Amino acid sequence: MASLTQHQAMPRRAMIRTTAGAALALSLWSLAGCNNEKPSQFRGIDVSGANYAKGFTLTDHDGSERTLQDYANKAVLIFFGFTQCPDVCPTALARAAEVKRLLGPDGDKLQVLFVTVDPERDTPEMLKSYTQTFDPSFVGLYGDAERIAEVAREYKVYYKKVPTGSSYTLDHTALSYVYDPQGKLRVVLRHEQTAEDYAADLKLILGNA
Ligand code: NI
């Protein structure tokens, strides 16, 4: 399924992912808000009023404990991944940097957060240097394995280790969750969508479409 990574190309695994992805898409749709009177203007999935992804308590790459409220007054884009990700995460973070650029002067009103799903290997230092490669304002967030599992459950994020000989990679959900400056979850954007799609939804959220 498109919403998940494709770090490996084994057909069997792809089939499992397709099922998981379809289930995820369904659960996202069924959890979308009750504002169905008028069609959403968002290019992503309108999840206004959804009863999940309500927030997190994690540690930022400088060691401070953070919650969603710490980023109030900004639109917040959250993405889950890991620094050794070969393809999907770098693409997502490069796109997020492009989105910030496309927002022009409003780019400063966007906070991008990157939550590791590989707490075993991703140190705060690695998360910091990784996220800042894309934009100095991006923040990496981490927690212990239990905390990450908890936050992933809250966000309905799927992640799973995939052995690669002596090491491992991870399959993970590649959706971006976007909050408005009031801290309300508004839209979930898919990995296949363009920086322009993301920027269009963020302009709506920032009231500057
Ligand atoms: Ni990744």
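Scroll up to find the structure this text is about.
Let me sum up the structure you'll find in this document. (Residues numbered from 1 in each chain as written. Predicted model: local features only at pLDDT ≥ 70, side-chain atom pairs only at ≥ 80, totals over all residues. Heavy atoms only, no water.)

**Examining the pattern of salt bridges**
Going through the model one piece at a time under the given rule, you end up with 10 salt bridges. A salt bridge links Arg-101 to Glu-98; its shortest N-O distance comes to 3.0 Å. Remark: Glu-98 and Arg-101 occur in helix α2 (residues 88-102); sequence separation between them is three residues, near one turn of the helix. Here Arg-147 makes a salt bridge to Glu-150, at a shortest N to O gap of 3.8 Å. In this pair, Arg-147 and Glu-150 are both assigned in helix α4 (residues 145-155), three residues apart and thus about one turn of the helix distant. Arg-147 gets classed as partly exposed once you look at its relative accessible area, which sits at 30%. When its relative accessible area of 41% is taken as the criterion, Glu-150 is described as partly exposed. (Salt bridge = Lys/Arg side-chain N within 4 Å of Asp/Glu carboxyl O. Helix = DSSP H or I, 4+ residues; strand = E, 2+ residues; numbered from the N terminus. Buried < 20%, exposed > 50% of the residue type's maximum accessible area, 1.4 Å probe, protein only.)

**Notes on the nonpolar core**
Ranked by internal contacts, the top residues of the largest apolar core, which has 32 residues, are Phe-79, Val-99 and Leu-110. Among the secondary structure elements, those contributing two or more residues to this core are β4 (75-81), α2, β5 (110-116), α3 (124-134), β8 (167-172), β10 (185-189) and α5 (195-205). The greatest single-element share of this core, amounting to seven residues, is contributed by α2. Setting aside residues no more than four positions away along its own chain, Val-99 makes contact with Leu-110, Ala-195, Tyr-198, Ala-199 and Leu-202. Leu-68, Ile-78, Ile-148 and Ala-152 belong to the second largest nonpolar core, which has 27 residues in total. (Core = buried A, V, L, I, M, F, W, Y, C linked by side-chain atoms within 4.5 Å. Contact = heavy atoms within 4.5 Å.)

**Points about the pairing of strand β2 (residues 57-60)**
Remember that side chains alternate between the two faces of the sheet whenever the strand is regular. Here β2 pairs with strand β3 (residues 65-67) via three bridges, running antiparallel. Residue pairing in the sheet places Thr-59 in a bridge with Glu-65 of β3. From the end of β2 to the start of β3, which pair antiparallel, there are four residues, and Gly-63 there has a positive phi angle of about 95°. Summarising the sheet, β2 and strand β6 (residues 139-142) pair through two bridges and their orientation is antiparallel. Residue pairing for β6: Asp-60 is matched across the bridge by Leu-141. (Pairing = 2+ DSSP bridges.)

**Section: α4**
When we look at burial in α4, the residues that qualify are Ile-148, Val-151, Ala-152 and Tyr-155. The buried residues of α4 all sit within an arc of 100° when viewed along its axis, so they share a single face. Turned more than 90 degrees off the buried face of α4, the exposed positions are Glu-146 and Arg-153. Contact partners of the buried residues in α4: β2, β4, β5, β6, β7 (159-164) and β9 (176-179). Where α4 terminates, the next one or two residues include Lys-156, which has phi positive at roughly 55°. (Arc of directions from axis to C-beta.)

**A look at the coordination of the nickel ion**
Taken together, Cys-85 (SG), Cys-89 (SG) and His-172 (NE2) make up the protein donors of the nickel ion, found 2.0 to 2.3 Å from the metal. Read from N- to C-terminus, the donor residues coordinating the nickel ion fall into the pattern C-x3-C-x82-H. Taken together, the positions of Cys-89 in helix α2 and His-172 in strand β8 put the pair 83 residues apart, joining distant regions of the chain. When its relative accessible area of 0% is taken as the criterion, Cys-89 is described as buried. Taking relative accessible area as the criterion, His-172 reaches 0% and is therefore assigned buried. (Donors = N, O, S within 2.8 Å, 3.2 Å for Na, K, Ca; no water.)

**Regarding α5**
Looking only at α5, the buried set comprises Ala-195, Asp-197, Tyr-198, Ala-199, Asp-201, Leu-202 and Ile-205. Contact partners of the buried residues in α5: β4, α2, β5, β9 and β10. Count one or two residues on from α5 and you reach Gly-207, which has phi positive near 70°.

What is shown is where atoms sit, not what they do.
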